[in-house]
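Summary of the model geometry
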Amino acid sequence: MRLGEFELIERLLKELPLPSKEVVVPAGDDTAVVEIGKGKYQLLTTDALVEGSHFKLKWKEVLEDLFFLLGKKLVNVCASDVASMGGIPKLALINLGTPKEIGEKCLIEIYRGIGKAAEELKISVIGGDTVKSKTLFFDMALIGESSGFMLRSCARPGDLVGVTGTFGDSRGGLELLSRGKISPKYLINRFLSPQARIREGKEALKLGVKCGTDVSDGLLFNIWTISASSRVRIDVEREKIPISQELIDTFGREKALEFALYGGEDYELVITFPEKLTAKLEELGFKVIGEVKKGSGVFLDGKKVKVSGYDHFKEEK
């Protein structure tokens, strides 16, 4: 039996040497963390968008600016990892693999999108590599900076669980594109043009929040990563999960909730924090959806849930 994505990563890491003493957070969280001075850290991460796994070329038939949006998405997906640790993205490298049938115009559009998002987030793209490939892919290696960091392993019983934004919109946008539809545009943009929550992550860290992650693989799954890393139970209340009216109007409330719980690629933040920080975090836009308790696992309205998220390997048919 082939290993799933996360089991495979864990197995591959066993083949690598132990990191140097400057590495204070190795592989296994949203970013690696390297100490570069007293109270100063670099946050390092990488992510990729691959044809067939993350997007389909046929979407270009209904969405003229597809490649521009994908370029923006790559930057924000990477920056979201840095945001979830409380950092600021700074420097990036881009690798591009392109088949011969992909024209120069499409590649320029990808880089125009990368450039636009990099400008918005004040990221300097300083190099990379371009290769010939049978499949179109592009990835980014990103370095961020911070004076501290939030980890998945720092949730404590008594903490509340807070989130930014709304959930399920990205999964809704994917569903629409899969049907050849591009309306409502809000959902399409939430899938192809997410916005990294840099300000919220940075300010949460300043307030003293110790635990955080972003939602790339599904809300309940990413909450489970906190539960497992921190060895705690996390209870979530269904009615408190933020869901957009656009998603409800398009798919109905029941399907919208399913997308919100399991959909993935929303790139919102999930944090846990002491109750005394609630008012200040709500001012930043965080909404409380649950609490941390002694125990293990993730519970929805008091019932333990079987957690699943997107897995690049187990999803294969």
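Residues numbered from 1 in each chain as written. Predicted model: local features only at pLDDT ≥ 70, side-chain atom pairs only at ≥ 80, totals over all residues. Heavy atoms only, no water.

Examining the UniProt feature "binding site: Mg(2+) 3" (unreviewed entry) in the protein chain
- Within this structure's numbering, the places UniProt gives as "binding site: Mg(2+) 3" (unreviewed entry) are Asp30, Asp81 and Asp214. A maximum C-alpha distance of 7.8 Å among these annotated residues, which run over 185 residues, shows that they cluster at one spot.
- Taking relative accessible area as the criterion, Asp81 reaches 9% and is therefore assigned buried.
- Excluding residues that lie within four positions of it along the chain, Asp81 makes contacts with Asp30, Thr31, Thr45, Asp47 and Asp214.
- Position of Asp214 relative to the elements: it lies in strand β8 (residues 211-214).
- Sequence-distant contacts of Asp214, that is, excluding residues within four places in its chain, are made with Asp30, Ser80, Asp81, Ser84, Asn222, Tyr267, Glu268 and Leu269.
- A polar contact of 2.7 Å, which involves the side chain of Asp214, links it to the side chain of Ser80. (UniProt positions renumbered as here; feature names shortened; annotations may be inferred. Buried < 20%, exposed > 50% of the residue type's maximum accessible area, 1.4 Å probe, protein only. Contact = heavy atoms within 4.5 Å. Helix = DSSP H or I, 4+ residues; strand = E, 2+ residues; numbered from the N terminus. Polar contact = N/O pair within 3.5 Å; in protein donor to acceptor, adjacent residues only side chain to side chain.)

A word on the sheet that holds strand β3 (residues 40-50)
- Here we have 6 strands laid out as an open sheet, ordered β1-β2-β3-β6-β4-β5, and mixed in their pairing. Of all the strands in the sheet, just β1 (23-25) and β5 (124-132) have a single pairing partner and so form its edges. In this sheet, adjacent strand axes meet at a mean angle of 25 degrees when their direction is disregarded.
- Where strand β4 (residues 88-98) meets β5, 8 bridges bridge the pair, whose relative direction is parallel. Residue pairing for β5: Thr98 is matched across the bridge by Lys132. (Pairing = 2+ DSSP bridges. Axes fitted to C-alpha atoms, helices over the stretch in contact; angles between N-to-C directions.)

Side note on the nonpolar core
- If you look at the biggest cluster of nonpolar residues, it comprises 50 residues, and the most contacted ones within it are Leu70, Leu136, Phe138, Met140, Leu142 and Leu192.
- Residues Leu220, Leu261, Val292 and Val305 belong to the second largest nonpolar core, which totals 23 residues. (Core = buried A, V, L, I, M, F, W, Y, C linked by side-chain atoms within 4.5 Å.)

Looking at unusual backbone geometry
- Of note, the bond from Ser183 into Pro184 is cis; its omega dihedral lies within 30 degrees of zero at 5 degrees.
- In this structure, Lys122 is a non-glycine residue whose phi angle is positive, near 60 degrees.
- For Lys122, the location among the structural elements is in the loop between α3 (104-121) and β5.
- Of note, the phi angle at Asp301 is positive, near 50 degrees, even though the residue is not glycine.
- As for its position among the elements, Asp301 is in the loop between β12 (297-300) and β13 (303-304).

So, the UniProt feature "binding site: Mg(2+) 4" (unreviewed entry) in the protein chain
- The UniProt record annotates "binding site: Mg(2+) 4" (unreviewed entry) at Asp30, Thr45 and Asp81. A compact arrangement is adopted by the annotated residues: their sequence extent is 52 residues, whereas the largest C-alpha distance between any two is 7.4 Å.
- A relative accessible area of 9% places Asp30 in the buried class.
- Discounting chain neighbours no more than four positions away, the residues touching Asp30 are Thr45, Asp81, Ser84, Met85, Arg152, Gly212, Thr213 and Asp214.
- Locating Thr45 in the fold gives a position in strand β3.
- Each residue touching Thr45, except ones within four places of it in the same chain, is listed here: Asp30, Thr31, Cys78, Asp81, Val82, Met140, Ala141 and Leu142.
- Here Asp81 takes part through its side chain, which lies 2.9 Å from a polar atom of the side chain of Thr45.

Some words on the domain arrangement of the protein chain
- On domain assignment, one finds that the protein chain holds domain 1 (5-146) and domain 2 (152-316).
- The straight-line distance from the C-alpha centre of domain 1 to that of domain 2 is 21 Å.
- Taken together, the contact between domain 1 and domain 2 spans 32 residues of the former and 33 residues of the latter.
- Summing both partners gives a buried area of about 2,800 Å² for domain 1 against domain 2, and 59% of it is carried by carbon and sulfur. (Domains from an automatic or database assignment. Buried area = accessible area lost by both parts, 1.4 Å probe.)

Some points on helix α6 (residues 198-207)
- Along α6, the residues classified as buried are Ile198, Glu200, Gly201, Ala204 and Leu205.
- Contacts from the buried residues of α6 go to α2 (66-85), β4, α3, β10 (269-273) and α10 (278-283).
- Of the residues flanking the end of α6, it is Gly208, one or two places downstream, whose phi is positive at about 110 degrees.

Structural notes on the sheet that holds β13
- An order of β8-β10-β7-β11-β9-β12-β13 is seen for the 7 strands of this open sheet, with the pairing classed as mixed. The outermost strands of the open sheet, each flanked by one partner alone, are β8 and β13.
- Bridging between strand β7 (residues 160-163) and strand β11 (residues 287-293) involves 4 bridges; their strand directions are antiparallel. By the bridge assignment, Val163 is partnered in β11 with Lys287.

Overview of the pairing of β8
- Taking every second residue as pointing to the same face, both faces of β8 are buried, with Cys211 and Thr213 on one and Gly212 and Asp214 on the other.
- When β8 meets β10, the two strands line up antiparallel, connected through 4 bridges. Directly across from Asp214, in β10, lies its bridge partner Leu269.

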